[in-house]
Amino acid sequence: MIDITNVGTKQTQFLRRAYEQKRLAHSYLFVDSDESRALNTAYWLACLFNCTGENKPDGTCQNCRQILSGNHPDVLLVGPEGKQTLGIDQVRPLKEELAKSPVESSRRFFFINEAQKLTLSAANGLLNLLEEPVAPVVTILITNNSDQILPTVRSRTQIINFDNGEKPSGKTAMLLENGFSKDEIDELGNLEKRDQEIKYFYQEMLEHNSLALVSAHKLSENAKLGSEQRYILVRLKLLAEHDLNDPRKMEMAAQMLKNLIEVDKMRLSNVSLRNSLDYLALEWK
Ligand SMILES: [Zn+2]
């Protein structure tokens, strides 16, 4: 769902200036950890260019509505649509279409979503379009990871970074602080269920509930990746640190942190997660 009110503020200011001064580049690379915001911004630019309203882009005039509904002949979008790669077969027909003149306006817009998934041949097939389009086209590649974009593609685009100067917040910030890389954070995915299970395990230990041993097994079984295993221990540590502020739980939390330091040492000497969590559960039996 495209929403041109959810866009990068600085980025739209920059693009508006470029548009007003007729300095729009013919290819951009939008780098944004929030890819939907970057895609919205690309549509915002197409609307700005075509809008017939007073406050451009209003998102409500006929042109804007046509663009936002995906039915404007001069605004084309391609993306992997759930697939792992974006291949030459998906890109080629659009490229051929883009060699023709715009249908309704003076310029066409070509958006490539999740550009990090372009195959090598698809990316190579785009190079001449990025460098010197035969017809007036603004191509915008959108990615959440510029490292995965070929240098030959990157060097032909004007890069607009949406993450610049913005600190990651919430869970991402917590994970980065605890030494997880961006790739590992992606790998961890949605942590809601895991967090719940870790919390149960933690509470069962504090309550000396024998179910803690069962929970320990379940947790370790579902954590095959190194990042997942580390996450469980980090989360337990955070729960204990949090409880240090609670006078009723302070003593137990301190003991738990001591145990977790022991577990860290065990992990360094390659004790498995399962044995480490067993150790914890037994300590609190
Ligand atoms: Zn409009």
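Residues numbered from 1 in each chain as written. Predicted model: local features only at pLDDT ≥ 70, side-chain atom pairs only at ≥ 80, totals over all residues. Heavy atoms only, no water.

A.B. asks: Now, about the overall build of the protein: what can you tell me, with residues and values included?
C.D. replies: Looking only at helices and strands, the protein features 13 helices and five strands. Over its C-alpha atoms the protein spans a radius of gyration of 25 Å, topping by over 25% the 19 Å that the globule rule assigns to 285 residues. C-alpha atoms of the protein, sized along the principal axes, occupy 75 × 40 × 30 Å. In the protein, which comprises 285 residues, the share counted as buried stands at 47%. In the structure as shown, the protein presents an accessible area of about 15,500 Å², 49% of it carried by carbon and sulfur atoms. The averaged location of the 39 negative side-chain charges in the protein is 2 Å from the averaged location of its 35 positive side-chain charges. (Helix = DSSP H or I, 4+ residues; strand = E, 2+ residues; numbered from the N terminus. Rg over C-alpha atoms; globule rule 2.2 N^0.38 Å. Buried < 20%, exposed > 50% of the residue type's maximum accessible area, 1.4 Å probe, protein only. Areas by Shrake-Rupley, 256 points an atom, 1.4 Å probe, with all protein chains shown as cover. Lys, Arg positive; Asp, Glu negative; His and termini not counted. Charge placed at Lys NZ, Arg CZ, Asp CG, Glu CD.)

A.B. asks: If you had to explain the domain arrangement of the protein to someone new, which residues and values would you point to?
C.D. replies: Splitting the protein by domain gives domain 1 (9-167) and domain 2 (190-283). Averaged C-alpha coordinates put domain 1 and domain 2 at centres separated by 46 Å. (Domains from an automatic or database assignment.)

A.B. asks: Talk me through the nonpolar core; I want residue IDs and the actual numbers.
C.D. replies: Considering soluble globular proteins, one finds that nonpolar side chains tend to be buried as a cluster. Core analysis: the largest hydrophobic core is formed by 33 residues, its most contacted members being F201, L236, M256, L277 and L280. When residues of this core are traced back to their parent elements, those giving at least two are α7 (170-177), α8 (182-188), α9 (192-206), α10 (211-221), α11 (226-243), α12 (250-268) and α13 (273-283). Ranked by the residues each element gives to this core, the list is headed by α11, at seven residues. Once residues lying within four places of it in the same chain are set aside, the contact partners of F201 are A212, S215, A216, L219, L236, L277, L280 and A281. Judged by nonpolar contacts, the second largest core, of 30 residues, contains F30, A42, C51 and F109. (Core = buried A, V, L, I, M, F, W, Y, C linked by side-chain atoms within 4.5 Å. Contact = heavy atoms within 4.5 Å.)

A.B. asks: Kindly report on a negative patch on the surface, identifying the contributing residues and their values.
C.D. replies: A grouping of D147, D183, D186 and E187 is seen on the molecular surface, where their side chains present a negatively charged patch. Note that D147 resides in the loop between β4 (137-143) and α6 (151-154). (Patch = residues over 30% accessible without salt bridge, like charges linked within 9 Å, V, L, I, M, F, W, Y side chains within 5 Å. Salt bridge = Lys/Arg side-chain N within 4 Å of Asp/Glu carboxyl O.)

A.B. asks: Requested: an account of the pattern of salt bridges, with residues and values cited.
C.D. replies: On inspection of all chains with the given rule, the structure shows 16 salt bridges. Here D74 makes a salt bridge to R108, at a shortest N to O gap of 3.1 Å. Highlighted residues: D74 in the loop between α3 (62-68) and β2 (75-78) and R108 in strand β3 (residues 108-112), separated in sequence by 34 residues. For D74, a relative accessible area of 0% puts it in the buried group. Among the salt bridges present, the one from D243 reaches K249, with a minimum N-O distance of 4.0 Å. Residue D243 is classed as buried on the basis of its relative accessible area, which comes to 6%.

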